[in-house]
Amino acid sequence: MYKIVLLRHGESVWNQENRFTGWHDVGLTAKGLAEAQAAGQLLRQQGYAFDLAFTSVLRRAIKTLWTVLEELDRMWIPVQHSWRLNERHYGALQGLDKAETAAKYGDQQVLIWRRAYDTPPPPLADNDPRLPLDDPRYASIPVAELPRTECLKDTVARVLPFWNDTIAPSIKAGKSVIIVAHGNSLRALIKFLDQVSDDDIVSINIPTAQPLVYELDADLKPIRHYYLGDQDAINAAIQAVANQGKAKG
Ligand SMILES: O=C(O)[C@H](O)COP(=O)(O)O
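Residues numbered from 1 in each chain as written. Predicted model: local features only at pLDDT ≥ 70, side-chain atom pairs only at ≥ 80, totals over all residues. Heavy atoms only, no water.

As recorded in an unreviewed UniProt entry, the chain goes by 2,3-bisphosphoglycerate-dependent phosphoglycerate mutase and comes from Rugosibacter aromaticivorans. On record in UniProt, under Catalytic activity (unreviewed entry), the comment for the chain is "(2R)-2-phosphoglycerate = (2R)-3-phosphoglycerate". (UniProt positions renumbered as here; feature names shortened; annotations may be inferred.)

Here it is in structure tokens:
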């Protein structure tokens, strides 16, 4: 039996401001940093020690990982970064307030943009300054293939090669692995691992910085999964994520 830990980054500045973030590279808030420290302490108390870590190329996930590894006294382990673990690209919604967007277009439309499996948000235009054209971290992606928006199906399609080619072989080689990523890149991975239906994935929300353990069999099929920590607090955090896309009042 293998055991891996999935972790969404701690609260980011744009989480706090309730803005669609996607590939925008925003840092953690003080609360987000404290959440990451608490996650690291919890993992330490429960005896977790990792040999290898995977994360995105976005600072909110990287900083969360660093903080967890510091708490675990494991800052020395190898870390692999990949844009394939980035948050789902939020297209032209990136930067907009989620509740204001719901007030303008309706809660249902925002739920579709946030959670539908195969309906992407409106895309960025090719001349949009939010496209990371000269960003060296994306130099390996041909400009024409840089995402302008993504639905979860698109995110699954770009997360899976990294899982299949890099993460899964490491797990099978006996490495103890932590993956620190984002709400929707983790939903993409969970959809694949648990074979969640296109309808059921809509209601899965991932809270910030709560360690999610997956126990996997020899073929890396999930046996069970569970969050570490206080289950009432985790359920409240999950509900709060779901509510972020609703109009106020
Ligand atoms: O990109 C974002 O805005 C968040 O990281 C995830 O947002 P969501 O829960 O609205 O999909």
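After that view of the structure, there is still more to cover.
This brings us to the packing of aromatic side chains. Summed over the entire model, instances satisfying the criterion amount to 6 aromatic pairs. The interplanar angle of 70° and the centroid separation of 5.2 Å between the aromatic rings of Tyr 105 and Trp 113 together place this pair among those described as edge-to-face. The class of Trp 113 is buried, set by a relative accessible area of 9%. Members of the aromatic cluster, connected to one another through ring pairs, are Trp 23, Trp 83 and Tyr 138. A cation over an aromatic ring shows up here: Arg 88 above the ring of Tyr 90, its NZ or CZ 4.4 Å from the ring centre. Lys 191 extends its terminal NZ or CZ atom over the ring of Tyr 117, reaching a point 4.2 Å from the ring centre. (Phe/Tyr/Trp six-rings, centres within 6.5 Å; stacked < 30°, edge-to-face > 60°. Buried < 20%, exposed > 50% of the residue type's maximum accessible area, 1.4 Å probe, protein only. Lys NZ or Arg CZ within 6 Å of the ring centre and 35° of its normal.)

With that out of the way, let us pick up empty space enclosed by the protein. What the rule picks out here adds up to 2 cavities of 30 Å³ or more. Approximately 160 Å³ is the volume attributed to the largest cavity. Lining the largest cavity are 18 residues, with Arg 8, Glu 87, Tyr 90, Lys 98 and Asn 184 positioned closest to its centre. Contributions of two or more residues to the lining of the largest cavity are made by α5 (107–115) and α7 (183–194). Per-element tally for the lining of the largest cavity: the top contributor is α7, with 3 residues. Among the residues forming the lining of the largest cavity, the class breakdown is 3 nonpolar, 8 polar and 7 charged. There is about 30 Å³ of room inside the second largest cavity. (1 Å grid on protein atoms, 1.4 Å probe; cavity = no way out; pocket = protein on both sides within 12 Å on 5 of 7 lines; lining within 4 Å. Points joined across faces, edges and corners; volume = space filled by probe spheres on them. Helix = DSSP H or I, 4+ residues; strand = E, 2+ residues; numbered from the N terminus. Nonpolar A, V, L, I, M, F, W, Y, C, P; charged D, E, K, R; others polar.)

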